[in-house]
Amino acid sequence: MTVALPRQSAGPRTGSPGPSGPPGSAGSPGGLTLLVIEDDPAGSLAIPELLDASGGRMRVRTARNLTEAERLLTDDVHCILLDLALSDGSAAGGAQEEVGDELDILRRVLRLAPRHAVLALTAEDEAERAAEAVRVGAQDFLFRDELDGRVLSRAVRYAVERKRADLAQRQLTESRLRAQENARLERGLLPTPLLDGSELRFAARYRPGRSRALLGGDFYDTVRTADGTVHAMIGDVCGHGPDEAALGVELRIAWRALTFAGLCGDQLLGTLQRVLEHERSSDEIFATLCTVDIAPDGRRAGLCLAGHPAPLVAGGGRGPRLLPHHEEGGGPALGVLPKARWPRTQVELGGSWSLMMYTDGLIEGRIGQGEQRLGQEGMLGIVGHRMAAGLRGEELLDAVLAEVRELNGDELTDDVAVMLLDRG
């Protein structure tokens, strides 16, 4: 049985399909919809009655050119049947456009509807052209003499499912590539500490904010130089995303190289600022940083702050407290002032201690439903309580992060990096 090709008026579009899935991916209670693009004004192309997999009648819309097709290409269209003989009269007066090659119209339809299944319709003596259409991007081809209901219905269903599978495979491939890129960035942000020969114990945790993928702009590092000094650093590039993560990697690698070259304190931070100024994508980008250099005997340390929260230390019979820093409060964040200075403060650690360095994501979480933030005092209380319970190292960091998230009522919105060094 065949029916005359119905011609639905070209009404306004309801929206383009989003990047998360193919058109109709959520299913359509009214069955499948086919958009036919052919320019025979008499409608002599006979489309047989089409049935979907459930036995329901498939809806058919027609367009005489790409202008009409774009208006009819709503989210509920599942498949496009394109007559390769189409001469697109998309101009207002119906004038036909010259096409660059015999499959130019197909290429334009694929650009117009990248997430829709497309069937190419051609003459039986154009088998080579039909095969080329599939190579260009169509899901399948049909010859005009094959337009019986069974063949066309099956071809439409096959094309729709193949397009869904192709999109799912593409999304999977893109996801794997992103995971590989993130893994490479993560190795740069979260390196293996170089502490051979040191008595210090190292632990660290890193968690990206809930609104992003795998990485943010937080970074840290720890190395031991030939003279026995242990150098530790933690930093935070403002903003979130791959660009900030990449800049964090560059700063961390630069810090490690400069530290092994013998730089520390103000000289090291000044050089890192020049690196940031040359590598950042915008003059608005800055980074906060905290550096600590621990003497070979482990009892003293030098502290420099560049707009970063002060680390905490516990030991010597005392609970957790913030390390004292220069009376001027340290220096500004890197990238803020072109001729900034960063004073170095000498601090006494004692014989047995725990030193925790962190980014501000740890202290900016909320307490309950209100607007009150945890802050450094709240963090000191949590750490002190957990240490009193006997927790140390990675167990301590895991417990602190868990309690901070619980107080916040959800995952923290900002990235969090925490690093712990223990002696004794």
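To keep things clear, this report deals only with the structure shown in the data block. (Residues numbered from 1 in each chain as written. Predicted model: local features only at pLDDT ≥ 70, side-chain atom pairs only at ≥ 80, totals over all residues. Heavy atoms only, no water.)

1. Here's the deal with the overall build of the chain
Reasoning step 1: When helices and strands are counted, the chain shows eight helices and 17 strands.
Reasoning step 2: The burial tally for the chain puts 49% of its 424 residues in the buried class.
Reasoning step 3: Working note: accessible area of the chain is about 20,200 Å², and carbon and sulfur atoms make up 49% of it. (Helix = DSSP H or I, 4+ residues; strand = E, 2+ residues; numbered from the N terminus. Buried < 20%, exposed > 50% of the residue type's maximum accessible area, 1.4 Å probe, protein only. Areas by Shrake-Rupley, 256 points an atom, 1.4 Å probe, with all protein chains shown as cover.)

2. Observations regarding the environment of Asp-75
Reasoning step 1: Turning to its location among the elements, Asp-75 is positioned in the loop between helix 1 (66-72) and strand 5 (79-83).
Reasoning step 2: Using a relative accessible area of 30% as the deciding quantity, one classes Asp-75 as partly exposed.

3. Things to note about the environment of Met-233
Reasoning step 1: Relative to the helices and strands, Met-233 is located in strand 10 (residues 230-237).
Reasoning step 2: A relative accessible area of 0% means that Met-233 is categorised as buried.
Reasoning step 3: As a C-alpha pair, Met-233 and Arg-256 span 23 residues in sequence and 9.2 Å in three-dimensional space.
Reasoning step 4: For Met-233, the residues in contact, after removing those within four places along its chain, are Phe-219, Tyr-220, Asp-221, Arg-252, Trp-255, Leu-289, Cys-290, Thr-291, Met-357 and Met-419. (Contact = heavy atoms within 4.5 Å.)

4. Re the packing of helix 7 (residues 375-388) against helix 8 (residues 393-408)
Reasoning step 1: In contact at an axis separation of 10 Å, helix 7 and helix 8 are set at 135° when each is read in the N-to-C sense. Comparing their axes, helix 8 and helix 7 come out oblique. Two packed elements cross with a definite hand, and for helix 7 against helix 8 that hand is right-handed. Note on element contacts: helix 8 touches helix 7 through Leu-396, Ala-399, Val-400, Glu-403, Val-404 and Leu-407, opposite Ile-382, Val-383, Arg-386 and Met-387.
Reasoning step 2: Across the contact of helix 7 with helix 8, the residue classes tally to eight nonpolar, no polar and two charged. (Axes fitted to C-alpha atoms, helices over the stretch in contact; angles between N-to-C directions. Parallel < 35°, antiparallel > 145°, perpendicular 65-115°, else oblique. Left-handed = near helix turned anticlockwise from the far one by under 90°. Nonpolar A, V, L, I, M, F, W, Y, C, P; charged D, E, K, R; others polar.)

5. Regarding empty space enclosed by the protein
Empty space among the atoms can be located by rolling a probe the size of a water molecule over them.
Reasoning step 1: One pass over the structure, following the stated rule, counts three cavities of 30 Å³ or more.
Reasoning step 2: Volume-wise, the largest cavity comes out at about 70 Å³.
Reasoning step 3: The set of elements that each furnish at least two residues to the lining of the largest cavity consists of strand 10, helix 5 (242-260), helix 6 (265-279) and strand 11 (287-294).
Reasoning step 4: When residues of the lining of the largest cavity are assigned to their parent elements, the largest contribution, three residues, is made by strand 11.
Reasoning step 5: For the lining of the largest cavity, a count of residues per class yields seven nonpolar, four polar and one charged. (1 Å grid on protein atoms, 1.4 Å probe; cavity = no way out; pocket = protein on both sides within 12 Å on 5 of 7 lines; lining within 4 Å. Points joined across faces, edges and corners; volume = space filled by probe spheres on them.)

6. Here we look at the sheet that holds strand 17 (residues 416-423)
Reasoning step 1: The antiparallel open sheet is built from five strands, whose spatial order is 8-17-16-13-14. Each of the sheet's edge strands pairs with one partner strand only, and the pair in question is strand 8 (201-207) and strand 14 (318-322). Strand-to-strand, the axes of this sheet are offset by a mean angle of 15°, without reference to chain direction.
Reasoning step 2: When strand 13 (residues 312-315) meets strand 14, the two strands line up antiparallel, connected through three bridges. Bridging from a neighbouring strand, Val-313 pairs with Arg-321 of strand 14.
Reasoning step 3: Those strands touched by helix 7 are strand 13, strand 14 and strand 16 (353-358), and its axis lies near 155° from that of strand 14. (Pairing = 2+ DSSP bridges.)

7. Thoughts on the pairing of strand 11
Reasoning step 1: Counting buried positions along strand 11 yields eight of eight residues, so the element is predominantly enclosed.
Reasoning step 2: The alternating pattern of strand 11 places Ala-287, Leu-289, Thr-291 and Asp-293 and Thr-288, Cys-290, Val-292 and Ile-294 on opposite faces, both of which are buried.
Reasoning step 3: Strand direction decides the pairing type here: strand 10 and strand 11, joined by eight bridges, are antiparallel. When the sheet's bridge partners are listed, Val-237 is paired in strand 11 with Ala-287.
Reasoning step 4: The pairing of strand 11 with strand 12 (residues 300-306) spans five bridges and is classified as antiparallel. Bridged to Asp-293 within strand 12 is Gly-302.

8. Concerning a negative patch on the surface
Reasoning step 1: Side chains of Glu-124, Asp-125, Asp-145, Glu-146 and Asp-148 sit close together on the surface and give a patch of like negative charge.
Reasoning step 2: Locating Asp-125 in the fold gives a position in the loop between strand 6 (117-122) and helix 3 (127-136).
Reasoning step 3: When its relative accessible area of 70% is taken as the criterion, Asp-125 is described as exposed. (Patch = residues over 30% accessible without salt bridge, like charges linked within 9 Å, V, L, I, M, F, W, Y side chains within 5 Å. Salt bridge = Lys/Arg side-chain N within 4 Å of Asp/Glu carboxyl O. Lys, Arg positive; Asp, Glu negative; His and termini not counted. Charge placed at Lys NZ, Arg CZ, Asp CG, Glu CD.)

9. Some words on the pattern of salt bridges
As a working rule, side chains carrying opposite charge can pair if their charged atoms are close by.
Reasoning step 1: Tallying each qualifying case throughout the model produces 18 salt bridges.
Reasoning step 2: Via salt bridges that share partners, Arg-205, Glu-394 and Asp-398 belong to a single interconnected network.

10. Points about the pairing of strand 5
Reasoning step 1: Burial analysis of strand 5 places five of its five residues in the buried class, which makes it a mostly covered element.
Reasoning step 2: Neither face of strand 5 is open: one carries Cys-79, Leu-81 and Asp-83, the other Ile-80 and Leu-82, and all of them are buried.
Reasoning step 3: By the bridge criterion, four bridges tie strand 2 (residues 33-37) to strand 5 in an arrangement that is parallel. Counted as the bridge partner of Val-36 is Leu-81 from strand 5.
Reasoning step 4: Examined bridge by bridge, strand 5 and strand 6 share five bridges and lie parallel to one another.

11. Points about the nonpolar core
Reasoning step 1: Core analysis: the biggest nonpolar cluster contains 25 residues, and Val-292, Ile-294, Leu-349 and Trp-353 have the highest contact counts within it.
Reasoning step 2: Where this core is concerned, the elements lending two or more residues are strand 8, strand 10, strand 11, strand 12, strand 16 and strand 17.
Reasoning step 3: In this structure Val-292 touches Val-230, His-231, Ala-232, Ala-301, Gly-302, Leu-303, Pro-311, Leu-355 and Met-357, once residues within four positions along its chain are discounted.
Reasoning step 4: Grouped together as the second largest cluster of nonpolar side chains are 24 residues, Leu-362, Met-387, Leu-391 and Leu-412 included. (Core = buried A, V, L, I, M, F, W, Y, C linked by side-chain atoms within 4.5 Å.)

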